[in-house]
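# Structural characterization, general
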Amino acid sequence: LYLKENSNGYQLFYPTFTKGEDLEEFFYNLGNKEDSGEVIGDTYKSLSLDSNNDSNINTDELRSIYDNNVNSNVSISALEDADVNVYGSGFYIRKGIVVTSWSLLLEMLNNSGFIYVNDSNKNTMNIEGIVAADTDYDVVLLKLKDETGKAVKFSNNGLLTNDYVFTIDSKNNTGFMINYGRNITGYNGKYKNLLALNKSDIGSALYNKDGEVIGFNTSNSLNSDVSIANSTDYLIELQDILSNKDFNDIKSIAFEEFKDKYYYGSREEKIVNNIPRRVWNKYKKIGNIDKNISLKLVKANYVDEIVSLRYKNEASKSINTYYLCANYERELLKNNYVLIYNSEREKIYTNNKYRVIIKYYLDYLVVLMMEN
């Protein structure tokens with residue numbers, strides 16, 4: 001059951017599930033729509049926190065949000081040996097300046113040799129460099145070679161429970177489409193949404209029903225029915241500053257130079273641990289992590305009910321960091337965890353209570369643990 005705020009205070013609601021037509025027929029019709037270029041907003045199964053599910057988003061509303069905002073969105077791709085090996089999304093904070101996720105860019109810097117941007121008209125833009133990056137906020141600003149693009153409009157209002165949210169997905173750099181879901185809650189500068197994300201949604205703008213950007217999607221909850229977006233409060237003031245600057249006066253740093261500074265600077269980082277003892281006593285039992293990961297722990301956080309651990313690989317760089325946590329993974333499997341996602345840089349294990357995400361970049365291993 002859920003308490004939902006309305007004009008009269010709080011009212012008690014229960015979730016209702018709706019099921020569409022036969023699954024095979026649903027995806028057949030969905031494929032036809034996508035092939036014909038129609039906006040896709042259908043859902044096979046949906047969860048509502050309303051007392052009823054009469055309210056809905058119609059095609060005209062989806063088309064309006066899509067048409068008014070698609071030119072503000074970009075796909076970001078990275079090449080290695082002439083093949084695209086990492087991709088995500090971003091949006092214009094002003095002409096020529098693109099916002100995306102820091103975690104996406106870091107994966108590109110580590111795994112790719114060349115990064116470029118495509119807009120909805122399939123124009124390809126080269127990137128001059130990085131204007132700013134905030135690793136804690138998971139955001140980075142990229143400067144393009146040319147002053148192009150349409151800036152988004154940010155919202156000054158927050159989201160309420162069950163508000164509709166929208167994202168324009170770059171579909172793995174094959175085109176753009178709109179998707180929508182519902183907001184569950186918002187706190188500490190983050191929104192949790194009933195909006196399933198895929199890999200190419202990382203860094204994409206999160207819109208409200210008025211077509212204003214309210215957040216940007218992160219990689220924290222990929223392959224899940226619930227996604228997490230950071231709010232854009234930090235970016236509203238930054239948009240004003242950048243919009244009042246001449247494009248040529250906005251300084252940036254080239255990728256290789258930035259990578260070198262980050263990589264060498266991180267070697268001397270201080271150990272930070274803000275996980276409460278009662279929380280750690282519960283989570284350290286997962287995979288017996290103290291015993292089974294022998295890497296140096298350099299940062300440990302507990303934010304939004306997620307335990308985040310960053311380990312440093314101080315062994316030879318030729319040793320894949322994943323090998324150094326093999327005992328931990330074996331212990332997870334031994335304790336009935338199931339591997340539900342496996343890529344070169346990320347693995348996800350889950351059981352009926354917890355979810356464990358293991359990521360590898362540069363010479364770091366990051367382990368995220370949370371309740372399902």
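Coordinates for the structure precede this section.
On a predicted model such as this, the values are computed, not experimentally measured, just so you know.

Turning our attention to the nonpolar core. Judged by nonpolar contacts, the single largest core of 28 residues is most densely connected at Phe91, Ile93, Leu141, Phe166 and Leu235. Residues in contact with leucine 141, not counting those within four places in the same chain, are Ile93, Ile97, Val98, Val99, Gly129, Ile130, Val131, Ala132, Leu235, Leu238 and Leu242. Judged by nonpolar contacts, the second largest core, of 24 residues, contains Tyr92, Leu105, Leu109 and Phe255.

In summary, the side chains of a regular strand alternate between the two faces of the sheet. Counting buried positions along strand 15 (residues 213-217) yields five of five residues, so the element is predominantly enclosed. Of the pairings in the sheet, the one linking strand 14 (residues 205-207) to strand 15 comprises three bridges and is antiparallel in character. Looking at strand 15, one finds that alanine 205 is bridged to phenylalanine 216. Note: strand 15 against strand 16 (residues 227-231), three bridges, orientation antiparallel. Its bridge partner lying in strand 16, asparagine 217 is registered against alanine 229.

Reading around the barrel, the six strands line up as 11-12-13-16-15-14 and close back on themselves, with antiparallel pairing between neighbours. Adjacent strand axes in the sheet meet at a mean angle of 45° when their direction is disregarded. Sheet topology note: the strand 13 (residues 190-194)/strand 16 ladder contains four bridges and is antiparallel. For lysine 192, the partnering residue across the bridge sits in strand 16 and is isoleucine 228.

What counts, and where the lines are drawn
- Residues numbered from 1 in each chain as written.
- Predicted model: local features only at pLDDT ≥ 70, side-chain atom pairs only at ≥ 80, totals over all residues.
- Heavy atoms only, no water.
- Core = buried A, V, L, I, M, F, W, Y, C linked by side-chain atoms within 4.5 Å.
- Buried < 20%, exposed > 50% of the residue type's maximum accessible area, 1.4 Å probe, protein only.
- Contact = heavy atoms within 4.5 Å.
- Helix = DSSP H or I, 4+ residues; strand = E, 2+ residues; numbered from the N terminus.
- Pairing = 2+ DSSP bridges.
- Axes fitted to C-alpha atoms, helices over the stretch in contact; angles between N-to-C directions.

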